[in-house]
Amino acid sequence: MRIAIYGNDNKSSSKVATELSELINKSEVLQIDELNPEVVISVGGDGTLLSAFHHYDDLTEKVRFVGIHTGHLGFYTDWRDNEVEKLVESLENDNGQSVSYPLLDIQVEYSDQGLPDKMVALNESTVKKLFGTMVAKVYIKDRLFENFRGDGLCISTPTGSTAYNKSVGGAIISPKFNAIQVAEMASINNRVFRTIGSPVIIPPTETITVVPKVSLHNVLTCDQLLVMDRPIKSITYGISQRRIYFAKYQHTHFWERVNNSFIGDNLND
Ligand code: NAP
């Protein structure tokens, strides 16, 4: 089986990546193939897995990911840095088992006559204004839903719901739901301006379109990537036909991860 190792450049991740690559090189059934892998192993944190996902964007439907965490248990990282040998054994005995999660489709049109862009996010996309209030029309399924004023909007996947979305007051959604969530970032609500004021959850049959008032200060993010050098005309969000696949050798339950990340041992009365 062809394996790619994608690590961040900190010392502990490099050490784990080296150990992993040595074990793979010794194996009779595994080989390193960074260009055309069947399994991509990310070594670092959730941020590293996000980068690995975008690095292998073209192969998403063909590869399965495995995340080794060299810091804390993450939302995309199941394996600890001291479990490398166990992971290599699981790879050697692989029978194709996987679990998959929804992705977010992003279609951007620009008012500069250039070609539109298509992107896919694993966590979320945000549209916001760097200076001043972002003014935007928000459509649900082509029907005008609200006139938004505020810092911006965050549109996330279920696995991304524990990231930026959570920081801006969005709900945590189990990745068993095929849904996307729109959460507001500091909306202005008073007698003159009104938004829904709560997160909204959209099913696979619907899309969200955001039409921001043209400004050079509007920016769009797709996970850790930033789009800011073209004037945005509209952004349409929907659940992607594509999904991300993880090799399921061992699996931490989603709510156990949530508990571990945000509650920990603070369960006393
Ligand atoms: P970063 O600023 O280096 O890291 C952001 C933090 O988000 C890291 O602690 C990362 O965990 C964590 N994270 C990433 N995905 C997560 C998930 N699905 N659930 C829970 N936590 C998650 O940025 P980065 O490494 O380039 O990652 C980009 C992500 O940062 C974006 O997709 C966005 O979700 C998040 N972000 C959050 C805020 C905010 O909460 N205010 C603002 C900007 C961006 P690890 O330490 O395991 O890598």
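What counts and how
Residues numbered from 1 in each chain as written. Predicted model: local features only at pLDDT ≥ 70, side-chain atom pairs only at ≥ 80, totals over all residues. Heavy atoms only, no water. Helix = DSSP H or I, 4+ residues; strand = E, 2+ residues; numbered from the N terminus. Buried < 20%, exposed > 50% of the residue type's maximum accessible area, 1.4 Å probe, protein only. Contact = heavy atoms within 4.5 Å. Salt bridge = Lys/Arg side-chain N within 4 Å of Asp/Glu carboxyl O. Near = heavy atom within 4 Å. Polar contact = N/O pair within 3.5 Å; in protein donor to acceptor, adjacent residues only side chain to side chain. Areas by Shrake-Rupley, 256 points an atom, 1.4 Å probe, with all protein chains shown as cover. Nonpolar A, V, L, I, M, F, W, Y, C, P; charged D, E, K, R; others polar. Patch = residues over 30% accessible without salt bridge, like charges linked within 9 Å, V, L, I, M, F, W, Y side chains within 5 Å. Lys, Arg positive; Asp, Glu negative; His and termini not counted. Charge placed at Lys NZ, Arg CZ, Asp CG, Glu CD. Domains from an automatic or database assignment. Buried area = accessible area lost by both parts, 1.4 Å probe.

(A) Broad picture of the side chain of serine 234. You can see serine 234 is positioned in strand E16 (residues 232-247). Of the residues examined, serine 234 reaches a relative accessible area of 13% and is grouped as buried. Sequence-distant contacts of serine 234, defined by excluding residues within four places in its chain, comprise Gln107, Val108, Glu109, Thr209, Val210, Val211 and Pro212.

(B) Expanded view of the pattern of salt bridges. Evaluated as defined, the whole model comprises 8 salt bridges. Across the pair aspartate 33 and arginine 2 runs a salt bridge whose closest N-O atoms are separated by 3.8 Å. Here arginine 2 lies in strand E1 (residues 2-7) and aspartate 33 lies in the loop between strand E2 (31-32) and strand E3 (39-44), a separation of 31 residues in the sequence. Judged by relative accessible area, which is 26%, arginine 2 ranks as partly exposed. Aspartate 78 is paired through a salt bridge with arginine 257; the nearest N and O atoms lie 2.6 Å apart. In this pair, aspartate 78 is assigned in the loop between strand E4 (64-69) and strand E5 (79-80) and arginine 257 in helix H5 (residues 254-262), connecting sequence segments 179 residues apart.

(C) Here's a closer look at the site of the ligand. In the neighbourhood of the ligand, 16 residues make up the surrounding shell, with Asp46, Gly47, Glu124, Thr162 and Ser167 lying closest. Between histidine 72 and the ligand, the recorded distance is 3.2 Å, taken from a side-chain N or O atom to an oxygen atom. Burial of the ligand by the protein amounts to 61% of the accessible area it has alone, namely 830 Å². Looking at the shell around the ligand, the elements that each hand over two or more residues are helix H2 (46-55) and helix H4 (164-167). For the shell around the ligand, the element with the most residues is H2, which contributes 3 residues. The residue inventory of the shell around the ligand, partitioned by class, reads 5 nonpolar, 8 polar and 3 charged.

(D) Focus on a negative patch on the surface. A contiguous patch of negative charge, built from Glu19, Glu22, Glu28, Asp81, Glu85, Glu89 and Glu92, is present on the exposed surface. At the level of secondary structure, the elements contributing two or more residues to the negative patch comprise helix H1 (11-26) and helix H3 (84-92). Sort the elements by how many residues they give to the negative patch and H3 lands first, with 3 residues. Counting through the fold element by element, glutamate 28 comes out in the loop between H1 and E2.

(E) Seen up close, the domain arrangement of the protein. Domain parsing of the protein yields domain 1 (2-97 + 248-268) and domain 2 (102-242). Once you take the C-alpha centre of each, domain 1 and domain 2 turn out to be 29 Å apart. Taken residue by residue, the interface counts 15 residues in domain 1 and 19 residues in domain 2. Between domain 1 and domain 2 lies a buried interface of about 1,400 Å² when both sides are counted; carbon and sulfur atoms form 66% of it. Of all residues in domain 1, His54, Tyr76 and Phe254 bury the most surface against domain 2, accounting for 36% of the area lost on that side. For the pair domain 1 and domain 2, the number of links is 1 salt bridge. Residue arginine 242 pairs with aspartate 57 through a salt bridge whose shortest N-O separation is 3.0 Å. One can count 6 residue pairs in polar contact (both at pLDDT 80 or more) joining domain 1 with domain 2. Secondary structure elements with two or more residues in the side of domain 1 that touches domain 2: H2 and H5. Here the residues of the side of domain 1 that touches domain 2 sort into 9 nonpolar, 4 polar and 2 charged.

(F) Spotlight on the side chain of threonine 126. For threonine 126, the position within the fold is in strand E8 (residues 124-129). When its relative accessible area of 0% is taken as the criterion, threonine 126 is described as buried. At 2.5 Å, the side chain of threonine 126 and the side chain of threonine 221 are in polar contact. Discounting residues that sit within four places of it in the chain, threonine 126 has contacts with Leu153, Cys154, Tyr164, Met185, Val219, Leu220, Thr221 and Tyr237.

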